[in-house]
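Descriptive analysis of the structure
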Amino acid sequence: MTQIRVNPQRATPQTHVLIIGVGHYRHLRGGQFENGAHMGLRVLTSPPVSAMSIARWILSGDGITEVGLHNPSAPLGTLEVLISAAQNEQLDHCGTNYNIERASLPNVKLAFDRWLTEIKQHPNNIGMIYFCGHGITGTRNEQILLLDDHGESENRPFETGSFDLSNTIRALCRKVEAPLYVFVDACRTYADEFGMAIGSNPDALLHDGVRTKYINTGLTHISSATDNKSAYGSSNEISRFTAALRMALTGYCGDGKPGTRDWFVNGHALSMAMPKLLDLMNRESRNSEPQLCNPYTAGTVDAPLHVINHLPIVKVEIELSPEQHCLNSHYEIRHSSDQSIAAITGGKTKGVWKAETPKGIYEVKICSQHDQEHYKNCSEHLAPPLFRLPLEVQP
């Protein structure tokens, strides 16, 4: 069992997290027990790195400036982690070293049940599920997620090692009142071998009737790919979607809480930020294939998953064209009213000029080398996560 209990107190609201990362698929191409049930899919190296990155951030942030998941209204209670990698993973917390269980279907079912038991303890708990690995789209457009024992039986490849995420979420919303966050970093492509197979529909992790009352107060579900599209991650690196999620959680989005200095990383803030951050990851990626995420929110409560105590950060990109003007031009970004925020200056280099600054209203000035020509001089609202300013200099 790989459950890390951070807070023993169950009488007050807590956040409970379930993380699943699957890369070492034992029966897919490249696995040690490869067979004919692989559907053309191979073992992966990015999901274990991505999932461990989220798990470590949840517990302790970056260990320097970040403290990890911070939610005063619902502090972290438990963390369930299952990782399937070529080598067994370990996670350290408060001096205890945890050996991480692999993400097989039996282990995932047990971890899910423990997580669900915790979530049901209080209506104001927060639940989070994160998955990274292979995914396919089922015959009824449901999302099927593959675990490391998928294809264990070549004759019945979906007998074990996969589950129906879509119907799991539908059942959760009829069983759980607490707000839920679901992040899925997996493809949503169609597989002919699945669609044409008889009896190939995997089960959900939770059952309930479609006529059962919907009781969930708030759902945020963000998938890393749109219908029939792929998700991407370079070998042994954090995937694009997870890199964007890490940025969103670490200060690049937030809704202000009136009367306080707190900023809520909630469903609305994440849904607004994630497509822009993923687009940023697309432009920085060595793979030119674009990736689009699919945010979905429902319910009357948008309880925060994470709370930051500073202004959200905005990535600024200034693209001056024609590019030859970049070498003899510069910019200055100065906050309109808060003099404690240092002005940002730069330029005189080729390519896109990049900077970061806290959210706010700024005076933006872009001019030639000796201020002979002002290409831009105006006020701009810089809102997280990204402010892009393409500027064409007229001859």
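Right, let's walk through the structure included here. Because the structure is a prediction, the values reported are computed rather than measured.

1. Looking at the overall build of the chain
Scanning the chain for helices and strands turns up six helices and 23 strands. A globule of 395 residues ought to have a C-alpha radius of gyration of about 21 Å, and the chain, at 23 Å, matches this closely. Expressed along its principal axes, the backbone C-alpha trace of the chain runs to roughly 75 × 50 × 45 Å. Evaluated residue by residue, the chain yields a buried proportion of 53% over its 395 residues. Taking the intrachain contacts of the chain between residues at least 6 apart in sequence as the baseline, contacts between residues at least 24 apart amount to 73%. Positive and negative side-chain charges of the chain, numbering 35 and 41 respectively, have mean locations separated by a distance of 3 Å.

2. A word on the sheet that holds strand S7 (residues 135–137)
Strand order in this open sheet of four strands is S9-S8-S7-S11, and the pairing throughout is mixed. Each of the sheet's edge strands pairs with one partner strand only, and the pair in question is strand S9 (162–164) and strand S11 (189–190). Here three bridges tie S7 to strand S8 (residues 143–146), and the two strands are oriented antiparallel to one another. When the sheet's bridge partners are listed, isoleucine 136 is paired in S8 with isoleucine 144. The strands touched by helix H3 (residues 165–175) within the sheet are S8 and S9, with S9 carrying the most contacts at an inclination of about 50°.

3. A closer look at the layout of surface pockets
Approximately 380 Å³ is the volume attributed to the largest pocket. Lining the largest pocket we find 15 residues, and of these Ser166, Ile169, Arg170, His221 and Tyr296 sit closest to its centre. Considering every element that reaches the lining of the largest pocket, the biggest residue donor is H3, with six residues. Split by residue class, the lining of the largest pocket holds six nonpolar, six polar and three charged.

4. Observations regarding the sheet that holds strand S14 (residues 263–265)
Sheets are built from strands paired through backbone hydrogen bonds, the pairs being either parallel or antiparallel. Taken together, three strands build an open sheet; the order of strands is S13-S14-S16 and the sheet is antiparallel. Of all strands in the sheet, those with a lone pairing partner are strand S13 (255–256) and strand S16 (306–308), marking the two edges.

5. Comments concerning helix H6 (residues 267–284)
Three- or four-residue spacings in an α-helix give side chains the same orientation, since the helix completes a turn every 3.6 residues. An ideal rise of 1.5 Å per residue puts 26 Å on 18 residues; H6 measures up with 25 Å between its terminal C-alpha atoms. Of all the bends found along H6, the most pronounced is centred on methionine 274 and spans about 30°, while proline 275, a proline, follows it within four residues.

6. Some remarks on the nonpolar core
Residues Ile19, Ile58, Leu79, Leu91, Met128, Tyr130 and Phe183 are the most contacted members of the largest nonpolar core, which totals 49 residues. Here this core gets eight residues from one element, more than from any other, and that element is H6. Leaving out residues up to four positions away in the same chain, tyrosine 130 has contacts with Leu18, Ile19, Ile20, Ser50, Ala51, Ile54, Phe183, Asp185, Thr242 and Leu245. If you look at the next biggest cluster of nonpolar residues, it comprises 40 residues, including Ala111, Ile136, Val184 and Ala191.

7. Quick look at the side chain of serine 46
For serine 46, the location among the structural elements is in helix H1 (residues 46–60). On the basis of relative accessible area, serine 46 is assigned to the buried category, the value being 7%. Reaching out from serine 46, the side chain makes a polar contact with the backbone oxygen of glutamate 237 at a distance of 2.6 Å. Not counting the four nearest positions on each side in its chain, serine 46 is found in contact with Gly233, Ser234, Asn236, Glu237, Ile238 and Ser239.

8. Some points on unusual backbone geometry
Along the chain, serine 321 connects to proline 322 via a cis peptide bond; the corresponding omega equals -5°. Locating proline 322 in the fold gives a position in the loop between strand S17 (313–321) and strand S18 (329–335). In this structure, proline 385 follows proline 384 across a cis peptide bond, with omega equal to 5°. Position of proline 385 among the secondary structure elements: in the loop between strand S22 (374–382) and strand S23 (386–392). The phi dihedral of asparagine 141 is positive, around 70°, even though this residue is not glycine. Mapped onto the fold, asparagine 141 is located in the loop between S7 and S8.

9. Thoughts on the packing of H1 against helix H5 (residues 240–249)
In the contact formed by H1 and H5, the axes pass within 10 Å of each other and the chain directions differ by 15°. Regarding the angle of H1 to H5, the classification is roughly parallel. Note that H1 runs across H5; the crossing there is left-handed. Every residue of H5 that contacts H1 at Ser50, Ser53, Ile54 and Trp57 is listed here: Thr242, Leu245, Arg246 and Leu249. Residues that form the contact of H1 with H5 fall into these classes: four nonpolar, three polar and one charged.

About the criteria used
- Residues numbered from 1 in each chain as written.
- Predicted model: local features only at pLDDT ≥ 70, side-chain atom pairs only at ≥ 80, totals over all residues.
- Heavy atoms only, no water.
- Helix = DSSP H or I, 4+ residues; strand = E, 2+ residues; numbered from the N terminus.
- Rg over C-alpha atoms; globule rule 2.2 N^0.38 Å.
- Buried < 20%, exposed > 50% of the residue type's maximum accessible area, 1.4 Å probe, protein only.
- Contact = heavy atoms within 4.5 Å.
- Lys, Arg positive; Asp, Glu negative; His and termini not counted.
- Charge placed at Lys NZ, Arg CZ, Asp CG, Glu CD.
- Pairing = 2+ DSSP bridges.
- Axes fitted to C-alpha atoms, helices over the stretch in contact; angles between N-to-C directions.
- 1 Å grid on protein atoms, 1.4 Å probe; cavity = no way out; pocket = protein on both sides within 12 Å on 5 of 7 lines; lining within 4 Å.
- Points joined across faces, edges and corners; volume = space filled by probe spheres on them.
- Nonpolar A, V, L, I, M, F, W, Y, C, P; charged D, E, K, R; others polar.
- Expected span 1.5 Å × (residues − 1).
- Bend = angle between axes of the 7 residues up to and from the residue.
- Core = buried A, V, L, I, M, F, W, Y, C linked by side-chain atoms within 4.5 Å.
- Polar contact = N/O pair within 3.5 Å; in protein donor to acceptor, adjacent residues only side chain to side chain.
- Parallel < 35°, antiparallel > 145°, perpendicular 65-115°, else oblique.
- Left-handed = near helix turned anticlockwise from the far one by under 90°.

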